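Listed here are the chains, written in short residue letters.
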Amino acid sequence: MKSMGLHEIRKEFLEFFREKGHLILPSFSLVPKSDKSLLLINAGMAPLKPYFTGEKTPPNNRVVTCQKCIRTGDIENVGKTDRHATFFEMLGNFSFGDYFKKEAIEWAWEFLTERMGIPEEALWASIYLDDEEAYEIWSQVIGLDESKIVRLGKEDNFWELEVGPCGPCSEIYVDRGEEYGCGSSSCQPGCECDRFIEVWNLVFTQFDKDESGEYHPLEHPNIDTGMGLERIAAVMEKADNIFEVGEIKKILKKVESISGKKYGVDSNVDTSIRVITDHVRAITFLVSDGVLPSNEGRGYVLRRLIRRAARHGKLLGIKGVFLNSIVESVIESWKVEYEEIKEREEQIKKVIKAEEEKFQETIHQGIHILEEYIEEIIEKDEKYLDGKKAFKLYDTYGFPLDLTKEILQEKGLSVDEDRFNQHMEEQRNRARKAREEFSDSGWKNGNLAEFIEGYNTVFKGYKSTILETEVIGISIDGHMVDEIEKGQEGILILKETPFYAESGGQIGDIGYVEKENFKGKVMDTKYTKDDTIIHFVEVEKGSLNLKDKVIAKVDKANRQNIMRNHSATHLLHKALKEVLGEHVNQAGSIVLPNRLRFDFTHYEGVEEGKLKRIEKIVNDKIFASLEVKTMEMTLKESEEMGVVGLFEDKYKDIVRVVQMGDYSKELCGGTHVNNTNNIGIFKIISESSIASGVRRIEAITGNAVYEYLDGLEQDINRISQIVKSNRNDIIGKIENITEELKEKDKQIESLKSKMASSIAEEILDSRKEINGINIIMHKVDNMDMNSLRNLGDELKNSINSGVIVLASVSNGKLSFVSMVTKDLIEKGIHAGNLIREVAKITGGGGGGRPDMAQAGGKDISKVEEALSMVSTIIEKQLK
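The shown structure was predicted, so the numbers you read here are calculated from the model rather than taken from an experiment.

Thresholds, definitions, all that
- Residue numbers here run from 1 along each chain, matching the order of that chain's written sequence.
- Owing to the predicted nature of the model, reporting of local features is limited to residues with pLDDT of at least 70; listing and counting of side-chain atom pairs is limited to 80 or more, with chain, interface and lining totals taken over all residues.
- With hydrogens and water set aside, each side-chain value is computed from the structure's full complement of heavy atoms.
- Helix and strand assignments follow DSSP, with helices taken as H or I runs no shorter than four residues and strands as E runs no shorter than two, numbered in order from the N terminus.
- Using a 1.4 Å probe on the protein chains alone, a residue whose accessible area is under 20% of its type maximum counts as buried, one over 50% counts as exposed, and one in between counts as partly exposed.
- Contacts between residues were defined by any pair of non-hydrogen atoms, one from each residue, lying within 4.5 Å.
- The Shrake-Rupley method, run with a 1.4 Å probe, gives the accessible areas here. Residue values count only the displayed protein chains as cover.
- One requirement defines pairing of two strands: DSSP has to find at least two bridges between them.
- Axis lines are fitted to C-alpha atoms, over the contacting stretch for helices. Their N-to-C directions set the angle, which ranges from 0 to 180 degrees.
- Here the word oblique covers every angle except those under 35 degrees (roughly parallel), over 145 (roughly antiparallel) and from 65 to 115 (roughly perpendicular).
- Crossing handedness is read from the near helix: turned anticlockwise from the far helix by less than a right angle, it gives a left-handed crossing, and turned clockwise, a right-handed one.
- For this classification, Asp, Glu, Lys and Arg are treated as charged, while Ala, Val, Leu, Ile, Met, Phe, Trp, Tyr, Cys and Pro are nonpolar and the rest, including Gly, are polar.
- Only buried residues count toward a nonpolar core. Its members are Ala, Val, Leu, Ile, Met, Phe, Trp, Tyr and Cys residues joined through side-chain atoms within 4.5 Å.
- Here, a salt bridge means any side-chain nitrogen of Lys or Arg that lies within 4 Å of a carboxyl oxygen of Asp or Glu.
- Helix span is expected to be 1.5 Å times the residue number reduced by one.
- Any pair of nitrogen or oxygen atoms within 3.5 Å is treated as a polar contact; in protein, a donor-acceptor pairing is required on top of that, and neighbouring residues in sequence qualify only through side-chain atoms on both sides.
- Confidence of the prediction at every residue is given by pLDDT, a number between 0 and 100.
- Patches here: salt-bridge-free residues with over 30% relative accessible area, like charges joined within 9 Å, nonpolar side chains (Val, Leu, Ile, Met, Phe, Trp, Tyr) joined within 5 Å.
- Residues scored as charged are limited to Lys and Arg (positive) and Asp and Glu (negative), so that His and the chain ends carry no count.
- A single reference atom marks each charge: NZ on Lys, CZ on Arg, CG on Asp, CD on Glu.
- Only the six-membered ring of Trp is used, alongside the rings of Phe and Tyr, when aromatic pairs are assigned; centres must lie within 6.5 Å, and planes under 30 degrees apart are stacked while those over 60 apart are edge-to-face, with the rest tilted.
- For a lysine, the NZ atom is tested; for an arginine, the CZ atom; a charge sits over a ring if that atom is within 6 Å of the ring centre and within 35 degrees of the ring normal.

(A) Quick look at the overall build of the chain. Along the backbone of the chain there are 25 helices and 35 strands. Expressed as lengths along the three principal axes of its C-alpha atoms, the size of the chain is roughly 105 × 95 × 60 Å. Out of the 879 residues belonging to the chain, those deemed buried represent 49%. Long-range contacts, defined here as pairs at least 24 residues apart, represent 67% of the contacts in the chain between residues at least 6 apart. Taken as a whole, the chain presents about 42600 Å² of accessible surface, with 45% of it coming from carbon and sulfur.

Below, the structure written as C-alpha cells:
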C-alpha cells in the first residue's frame with residue numbers, strides 16, 4: 001500500500017474521478033437546503049437528492065464530492081468505542097442516469113488497487129442477495145474469486161434513508177489479517193469481528209422510497225457511492241481505528257497536552273479524550289456552517305456536543321474553558337480543504353467560547369445536584385430519576401436531557417422520560433398561553449375562532465387604502481348580531497378590505513368604516529384562527545346593519561409609518577448578515593407605526609462599532625433610492641432566486657417576494673414603501689439580549705427619528721443650562737466637573753480612612769478574648785460595605801490573631817463583614833460560614849472566603865442579637 005495521509009487521500013480521490021469525467025463539487029453545508037426530512041446532512045448523497053429524483057438538473061451527469069457529514073443517532077456510544085464518530089467526511093462519486101454498475105465497480109477497484117496500492121488479495125466484496133448483475137461484474141469482469149463475493153440481506157446490503165433514493169448495494173472490504181479475526185473458519189464480511197473493514201459502499205440507486213415506505217422504480221437508475229475518508233485513511237496508515245489516523249491523532253495529542261492525561265492507559269480517560277477529539281471537529285464545522293447553540297433542532301445538537309465535550313474536559317481535570325484551543329488544531333489541519341473555517345475562525349471561537357462559558361456557570365452546581373439525586377436513588381434502591389428533577393436540571397442548570405441520561409447510565413440508572421416530557425410540554429403550553437393572552441389583550445372577545453368562522457374576506461390593501469365594500473358580519477360580546485350602533489364596541493367583517501390584519505410581525509391597520517350617518521373607528525385589524533380578517537371598531541356615530549355598503553378608510557399616515565418600519569427591517573436583516581455573518585436569521589419582529597423591533601440569532605452582544613456600521617449600511621441603502629418591487633412566484637422559484645426566508649417554515653405554493661434593488665430579497669406578505677428613500681432615515685435605539693443566542697434591535701425611522709433628535713436637542717439645552725455652559729463647550733465643562741468630583745471623592749475617602757483609624761482604636765479597646773481567641777464584634781453607624789471592609793482591614797492589621805465581625809446600617813441597608821486571621825482558619829474558623837449564620841438571624845444571607853466574607857441583612861432590629869451569637873457560632877466551628 002502507498003503511504004498516504006487523510007488530506008492526500010481526499011485530493012487523490014477527487015482527482016481520480018475528475019479524470020473519469022466527473023465534476024468536482026465542493027462540500028455542501030451541513031445545514032440541508034430545502035430538505036425538511038433531514039436535520040443535518042448525514043450522507044454524501046443527501047444534498048444531491050433533487051438530482052437523483054429529477055427535481056433539479058445536475059450541473060453534470062457525473063459528480064464527485066467529499067461531503068461533510070454529522071450523525072448523532074448513537075452519540076452516547078461516541079467515545080465509549082473507537083469505532084463511533086459524530087463528524088466524518090464521505091468521499092463519493094455519483095452518476096445521474098449516466099453510467100451504472102459496471103463502471104462503478106470497475107473504477108472503485110481501479111482506485112483502490114492502483115491509486116491506493118491495496119493488494120488485490122486483501123479485497124473482498126459483498127452484494128445484495130438477489131443482485132446477479134453485480135455478482136457477474138465482480139466475478140467475470142473484475143475477476144474476483146467467487147469465495148470472496150459474499151451475499152448479504154437487506155439489512156446489510158440495501159441502502160436507504162428515511163425517504164428518497166435507495167437501492168441494492170455492493171460493499172468493498174479490506175481483509176486486515178487473521179490476527180484481527182475471531183478464529184472462526186466461516187469468518188468473512190458480515191462477521192462481527194475486526195478482521196474485515198468495510199471501506200466503500202457502492203449503491204445502485206434504482207428506487208425512490210416515499211414517506212409511506214413504498215418503493216418506486218426510478219426512470220433513470222443512478223450511482224451513489226460512499227467511502228468514509230477517515231476509515232480508508234485508517235487502512236492506508238495501518239491504524240487500528242480512526243483516532244489513530246495522523247490528522248485526527250494531532251487533535252487527540254492536543255487534548256492530552258491540555259489535560260495532562262495520557263491516552264491508552266486508563267479506559268475512562270480514553271473515553272473522555274475520544275469524546276473531545278471527535279466532538280471538537282463536529283462543533284467547528286457546525287458553527288462554520290451557521291448553526292448556533294439553542295434548545296431546538298440542529299442548534300440543540302450543537303449545544304449537546306459542546307456541553308458533552310466540556311463535561312468530559314472536567315472529568316479529565318481541565319480547568320476553565322478549553323475547547324477553543326483544540327478548535328485551533330482542527331482549523332489549522334482542515335483549512336487545506338475547507339478555507340471557510342479559517343475565514344470564520346473568529347466567529348467559530350466566539351460561539352464555542354460563549355456556549356462553553358455559559359455551561360461553566362452552571363455545570364458544577366448542576367452536577368452536584370445530580371450527584372445528590374443519584375445518592376437518593378441508590379439509597380432508596382431505585383433505578384429511575386424522577387422526570388421532574390431531570391426537567392429542573394434542564395430548565396435551571398442547562399443540562400440537556402441526554403447529558404443527564406449519560407451520567408445516569410454510567411451509574412447503571414436511567415430517567416423517567418415520560419415525566420420529563422410532560423413537564424416540558426407543560427412549559428410549552430404556559431408559554432403558548434402567555435403569547436395568546438398577550439395577543440388577545442385589550443379585547444373582550446376571547447377566542448374569536450369559536451364564533452367567527454366560514455367568512456372569506458378579500459384583502460385589497462396592497463394597492464389601495466380606501467375602497468367601497470359590504471358588511472358581511474357583525475359581532476358584539478362574542479355573539480353574531482345584525483346591527484351595531486353608537487357607543488358600542490364590536491367586530492366587523494367586510495367582503496373586501498384595505499385593512500391589513502396583524503401578521504408576520506406587522507401590526508394591524510387602524511382607520512374608519514363610514515357611510516351616510518355612520519362612523520366607526522377601526523382600532524385594530526386581526527386574523528382569526530381560520531384566517532378571517534376582523535376589524536375591531538368603536539361606533540362614534542349612527543348605526544350599521546348587515547349587508548350595508550360602507551367606505552373602508554385606512555389611516556394613511558399610520559400605514560405609511562408602518563411601511564417605513566417594515567421595509568427598514570428587511571434592510572436591517574441584510575445588513576446584519578453582511579456585518580455579523582450568514583448565521584444571522586430573523587427570530588421574530590414587531591413592526592409598529594412609531595418603531596420597529598427585530599430579533600435575530602447571534603451568539604454575543606453587537607459591539608458599538610458594528611452597530612454603527614449596520615446603521616450606516618441601512619441608511620446608505622435608503623439614500624440610494626432603491627426601487628421596492630413585490631412579485632408572486634412558486635416557493636421553488638423563490639429558493640432558486642436566492643430569496644431569504646426560513647424555508648423550514650410552512651409556506652403556500654405561491655409566495656410573495658419583496659425585493660429592494662439588488663440588495664435585499666425576502667419572502668414577505670407585509671406592506672412596504674415603493675422606494676427605500678420613502679423610509680427617510682433609520683436610527684438604532686438599542687441592542688440587547690432576549691434569550692440564549694437571540695439578540696434584539698429596536699429602531700425608528702422617518703418622523704420618529706426627527707422627534708428623537710428633537711428630544712436629544714432639548715436634553716442638550718437643558719444640560720447646558722444645568723452645568724452653566726454654552727452648547728459648544730458642554731463636553732469640556734462636564735469633563736471638568738467630573739475631574740472635580742473625582743478629586744472630592746479622594747478627599748472623602750481620605751477622611752473616611754482617618755475616621756476608620758480613629759474608630760478602629762475605640763473598637764480595639766472593646767475586643768473580647770474567648771477561649772484564648774481575640775473576638776471583635778461591633779456595630780458602626782452609617783458605613784457602606786466598602787467602608788466597612790476598609791475598617792475591617794484596619795482592625796485585622798492591628799491584631800496578630802483574631803476574628804472580626806462588623807455590622808452597619810447605612811441608608812436603611814444592613815451590612816455585615818467578617819474577617820479571620822490565617823492561624824485561626826487552620827483551626828477551623830471560616831469567615832464565610834460565620835457571616836452566613838450571623839446574617840441569617842436578621843433574615844439575610846451571604847458568604848465568602850475563609851479569610852473574608854460579607855453579607856446583607858433585613859431585620860435591623862436584630863443586629864445586636866446577631867452580633868451576640870458570634871461567640872457561640874465560633875465555638876461550634878472549633879469543635
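So, next bit.
(B) Structural detail: the pairing of strand β26 (residues 654-660). Extensive coverage of β26 is indicated by the burial of six of its seven residues. Both strand β25 (residues 628-634) and β26 contribute to a ladder of seven bridges, which runs antiparallel. Within β26, the residue paired with Lys-629 across the bridge is Gln-659. Across four bridges, β26 lies against strand β27 (residues 664-667) in antiparallel orientation. Directly across from Val-658, in β27, lies its bridge partner Glu-666. If you look at the hairpin formed by β26 and β27, you'll find three residues sitting between the two strands, and Gly-661 has a positive phi there, around 55°.

(C) The arrangement of the packing of helix α12 (residues 345-379) against helix α14 (residues 401-409) in detail. Running from N to C, α12 and α14 cross one another at 45°; their axes reach a closest spacing of 12 Å. Taken together, the axes of α12 and α14 are oblique relative to one another. Crossing geometry of α12 relative to α14 is assigned as right-handed. Contacts between α12 and α14 pair Phe-359, Leu-370 and Ile-374 from the former with Leu-403, Thr-404, Ile-407 and Leu-408 from the latter.

(D) Geometry of the packing of helix α1 (residues 6-19) against helix α3 (residues 101-115). Here α1 crosses α3 at 130°, and the two axes come no closer than 11 Å. Classified by the angle between their axes, α1 and α3 sit oblique to one another. Where α1 crosses over α3, the handedness of that crossing is right-handed. On α3, the residues that touch Glu-12, Phe-13, Phe-16, Phe-17 and Glu-19 of α1 are Trp-107, Glu-110, Phe-111 and Arg-115. For the contact of α1 with α3, the class distribution of residues is five nonpolar, no polar and four charged.

(E) How the structure looks around the environment of Glu-357. Here Glu-357 shows up in helix α12. Looking at Glu-357, the relative accessible area reads 35%, which means it is partly exposed. A sequence separation of 37 residues divides Glu-357 from Gly-320, and the C-alpha atoms of the two residues are 8.2 Å apart.

(F) Up close: the sheet that holds strand β24 (residues 596-601). The strand order β23-β24-β29-β28 describes an open sheet built from four strands, whose pairing is antiparallel. Every interior strand has two partners, whereas the edge strands, β23 (586-591) and β28 (682-691), have only one. For this sheet, the mean angle separating the axes of adjacent strands, direction not counted, is 15°. Both β24 and strand β29 (residues 694-701) contribute to a ladder of six bridges, which runs antiparallel. Bridge pairing links Arg-597 to Glu-698 in β29. Taken strand by strand, helix α16 (residues 556-580) contacts β23, β24, β28 and β29, and its axis lies near 25° from that of β24.

(G) Broad picture of the sheet that holds strand β32 (residues 803-810). A sheet is described by the order of its strands in space; here six strands give the open sequence β30-β31-β32-β33-β35-β34, paired in mixed fashion. Strand pairing shows two members of the sheet lacking a second neighbour, β30 (768-770) and β34 (845-848), which therefore form its edges. Going across the sheet, the axis of each strand differs from the next one's by a mean of 20°, ignoring polarity. Where strand β31 (residues 773-781) and β32 come together, seven bridges link them in parallel fashion. Within the sheet, the bridge partner assigned to Lys-779 lies in β32 and is Ala-807. Against the sheet, helix α21 (residues 785-798) engages β31, β32, β33 (813-820) and β35 (852-857), with an angle of about 25° to β33. Sheet contacts for helix α25 (residues 870-878): β30, β31 and β32; angle to β31, the most-contacted strand, approximately 145°.

(H) Spotlight on the nonpolar core. Leu-112, Ile-118, Trp-138, Trp-200 and Ile-232 are the most contacted members of the largest nonpolar core, which totals 93 residues. In terms of residues, this core owes the most to one element, helix α8 (residues 267-288), which gives nine residues. Leave out the neighbours within four places in its chain, and Ile-118 touches Met-1, Leu-112, Thr-113, Leu-123, Val-174, Ile-232, Val-235 and Met-236. Among the nonpolar cores identified, the runner-up in size contains 30 residues, and Val-584, Leu-611, Val-628 and Ile-679 belong to it.

(I) Layout of the environment of Glu-219. By the secondary structure assignment, Glu-219 is in strand β9 (residues 215-228). Expressed as a C-alpha distance, the spacing of Glu-219 and Gly-54, which sit 165 residues apart in the sequence, is 9.2 Å.

(J) How the structure looks around the pairing of β35. Pairing analysis gives six bridges linking β33 to β35, with the strands arranged antiparallel. Residue Ser-818 lies in a different strand from β35, and its bridge partner there is Ala-853. Taken together, the four bridges between β34 and β35 define a ladder with antiparallel strand orientation. Bridged to Gly-846 within β35 is Ala-855.

(K) Here's a closer look at the pattern of salt bridges. Here the structure, examined in full by the defined rule, presents 52 salt bridges. Salt-bridge contacts for Asp-509 lead to Arg-559; the nearest nitrogen and oxygen are separated by 2.8 Å. With Asp-509 in the loop between β17 (496-497) and β18 (511-515) and Arg-559 in helix α16, the pair connects residues that are 50 residues apart, well separated along the chain. What makes Asp-509 buried here is its relative accessible area of 0%. Taking the relative accessible area as the measure of exposure, Arg-559 reaches 3% and is therefore buried. The network of salt bridges with common partners includes Glu-328, Glu-332, Lys-335, Lys-342, Glu-345 and Lys-349.

(L) Spotlight on α16. In a regular helix each residue adds 1.5 Å, so 25 residues correspond to 36 Å; α16 covers 36 Å between its end C-alpha atoms and thus fits that length. The element α16 is largely enclosed, with a buried count of 18 among its 25 residues. Two or three places before Ala-557, at the opening of α16, Asp-555 has a side-chain oxygen 3.3 Å from that residue's backbone nitrogen. In the segment just after α16, Gly-581 is the residue with positive phi, at about 130°.

(M) Summary view of the confidence of the model for the chain. Scored by pLDDT, the chain comes out at a mean of 89, with 96% of its residues at no less than 70. Contacts for the low-pLDDT stretch residues 437-449, under 50 throughout, to residues beyond four places or in other chains number 18 contacts.

(N) Spatial organisation of unusual backbone geometry. Unusually for a residue other than glycine, Asp-381 sits at a positive phi of about 60°. Structurally, the position occupied by Asp-381 is in the loop between α12 and β10 (384-385). What makes Asp-381 exposed here is its relative accessible area of 67%. Even without being glycine, Asn-771 reaches a positive phi, approximately 55°. Inspection of the secondary structure puts Asn-771 in the loop between β30 and β31. With relative accessibility at 63%, the residue Asn-771 sits in the exposed group.

(O) Layout of a negative patch on the surface. Together, Glu-371, Glu-372, Glu-375 and Glu-379 make up a negatively charged patch on the protein surface. Here Glu-375 shows up in helix α12.

(P) Spatial organisation of the packing of aromatic side chains. According to the stated counting rule, one finds 26 aromatic pairs in the structure shown. When the ring of Phe-158 is compared with that of Tyr-215, the centres are 5.7 Å apart and the planes differ by 85°; the resulting orientation is edge-to-face. You can see Phe-158 sitting in strand β6 (residues 158-159) and its partner Tyr-215 sitting in strand β9, a full 57 residues away along the chain. On the basis of relative accessibility, which here comes to 12%, the residue Phe-158 falls in the buried class. Plain terms: the ring middles of Tyr-394 and Phe-420 are 5.8 Å apart, the flat faces sit at 80° to each other, and that makes the pair edge-to-face. A residue pair is termed long-range when its members are at least 10 positions apart, and Tyr-394 in helix α13 (residues 387-397) and Phe-420 in helix α15 (residues 417-440) qualify at 26 residues. What links up through ring pairs into an aromatic cluster is the set Phe-13, Phe-16, Phe-17, Phe-111 and Trp-200. Directly above the ring of Tyr-135 sits Arg-151, whose terminal nitrogen or CZ lies 4.8 Å from the centroid.

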